[in-house]
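What the coordinates show
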Amino acid sequence: MAEPPAGLALRFQRRFLAARQLRSLPWPELEQSLRAAPDSPLLADILHETILHPLCVKYPPSAKYRRCFLTELIKKHESTAAEPLDELYNALADTLKEEESTHCYKNYLLPTGDCVTLSESTALISGGTTGLVTWEAALPLAQWALENPGVFSDRTILELGSGMGFTGIAICKTCQPKAFIFSDCHPHVLRQLGENIRLNGFIPEHGVTWSIQTEYQGLEVEGKNCQTPKVIVAELDWGSVTEKQLLGLGADVVIAADVVYDPEIISALIGMLQKLSTSRADRKAPEVFIASTIRNPDTYHLFQAELDKVGIRWKIIPTHSSCNFLYDVQPNVTILQLFI
């Protein structure tokens, strides 16, 4: 039985606006619907929910992505006996005139009706870093946060390796934290991260990137503006940050996504977690949650073994098999809660 047109158009919309892989879009269901009703307005509906959607018009995916999408949509249309749809061809003609940009937008629709809009690099490696794109583990971590807002509500959150800011921005928009500290170490990443935070309606405290190593004392004081949550973008080097500097952050919860990908950084990460465990004046260590895409099981198991070696207990957090923000093949992501 064919899916109702409205539901199918919205499935296209969510995947398209987030620029998920084109093969993950529900093409077989579209073909089935067109066979059943070739003259239905379904293709026009999909066009208006994707290419012509206000979010796409203002914050579009890459020109290449849109061209490929429209080309595939036109193929599906031409496989039917329906009359030509001028809007489709006009939209393709418009994208063919566009020059490729080094940046594109991705729009993730939240269950609240709001969305997270990110400006990202179109290249996996750009500016000498892979941090200018959203890594997969950030999406299931955000999903888990949305399902567990009590972990974050009215608390100060520190995110390690924030990258483009997806998880943190989603938490700020849905979980009512008191303060959120985005952190990273690469200058290009920090610059783009700050832009994405502003793009989503938040103003970083003092409007600049903090260096935790030199300015940590101001992070815990009340902000001068009335924005809720207070948002801070901080440069954080895991190897050189001190316990005293971490104390100044006053983090109640620490999160990270896809930071366990290289054996060479595991020791620095664990060293910083040990500093966090003794950085609270009341000796109550923050709750820690780390999401990892298991690309290399040896690296992931090395992280667990190193945690065991220094006496940091951990457990796997159960998660749903589906995620609002993932529409193609589900990656092998695990969320660990650490007891530091």
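In the block above lies the structure referred to throughout.
Residues numbered from 1 in each chain as written. Predicted model: local features only at pLDDT ≥ 70, side-chain atom pairs only at ≥ 80, totals over all residues. Heavy atoms only, no water.

For the rest of this paragraph, the subject is the overall build of the protein. When helices and strands are tallied, the protein shows 13 helices and 10 strands. The burial tally for the protein puts 53% of its 340 residues in the buried class. Pairs at least 24 apart in sequence give 72% of the contacts found in the protein among residues at least 6 apart. Carbon and sulfur atoms make up 53% of the accessible area of the protein, which amounts to about 15500 Å² in all. (Helix = DSSP H or I, 4+ residues; strand = E, 2+ residues; numbered from the N terminus. Buried < 20%, exposed > 50% of the residue type's maximum accessible area, 1.4 Å probe, protein only. Contact = heavy atoms within 4.5 Å. Areas by Shrake-Rupley, 256 points an atom, 1.4 Å probe, with all protein chains shown as cover.)

Summed over the entire model, instances satisfying the criterion amount to 12 salt bridges. Residue glutamate 29 is joined to arginine 11 by a salt bridge in which the shortest nitrogen-to-oxygen separation is 3.3 Å. With glutamate 29 in helix H2 (residues 27-36) and arginine 11 in helix H1 (residues 5-17), the pair connects residues that are 18 residues apart, well separated along the chain. In the salt-bridge network here, residues are joined through shared partners; they are Glu31, Glu72 and Lys76. (Salt bridge = Lys/Arg side-chain N within 4 Å of Asp/Glu carboxyl O.)

With that out of the way, let us pick up the packing of aromatic side chains. One pass over the structure, following the stated rule, counts 10 aromatic pairs. Taking the centre distance of 4.6 Å and the plane angle of 45° together, the rings of phenylalanine 16 and phenylalanine 69 count as tilted. Of this pair, phenylalanine 16 sits in helix H1 while phenylalanine 69 sits in helix H5 (residues 63-78), and the two are 53 residues apart along the sequence. Here phenylalanine 16 falls in the buried class, since its relative accessible area comes to 0%. A centroid spacing of 4.5 Å and a plane angle of 50° characterise the contact between phenylalanine 180 and phenylalanine 182, whose relative ring orientation is tilted. Like phenylalanine 180, the residue phenylalanine 182 is buried in the burial classification. (Phe/Tyr/Trp six-rings, centres within 6.5 Å; stacked < 30°, edge-to-face > 60°.)

Turning next to the environment of threonine 50. Note on placement: threonine 50 falls in the loop between helix H3 (42-49) and helix H4 (54-58). Once the C-alpha coordinates of threonine 50 and alanine 9 are considered, the two residues, 41 residues apart in sequence, prove to be 8.5 Å apart. Other than its neighbours up to four places away in sequence, threonine 50 contacts Phe12, Gln13, Phe16, Leu17, Cys56 and Phe69. From its side chain, threonine 50 meets the backbone oxygen of isoleucine 46 in a polar contact 2.6 Å long. (Polar contact = N/O pair within 3.5 Å; in protein donor to acceptor, adjacent residues only side chain to side chain.)

What follows is about the nonpolar core. Phe152 and Ile255 are the most contacted members of the largest nonpolar core, which totals 40 residues. Residue contributions to this core peak at seven residues, all from helix H7 (residues 138-147). In contact with isoleucine 255, not counting residues within four places along its chain, are Leu141, Phe152, Ile157, Leu158, Glu159, Leu160, Thr167, Ile171, Phe180 and Phe289. By size, the runner-up hydrophobic cluster in this structure holds 30 residues, among which are Leu158, Val288, Tyr300 and Leu336. (Core = buried A, V, L, I, M, F, W, Y, C linked by side-chain atoms within 4.5 Å.)

Even without a glycine there, the phi angle at alanine 19 is positive, about 55°. Along the chain, alanine 19 turns up in the loop between H1 and H2. Of note, the phi angle at aspartate 258 is positive, near 55°, even though the residue is not glycine. Mapping aspartate 258 onto the fold places it in the loop between strand S7 (253-257) and helix H12 (263-277).

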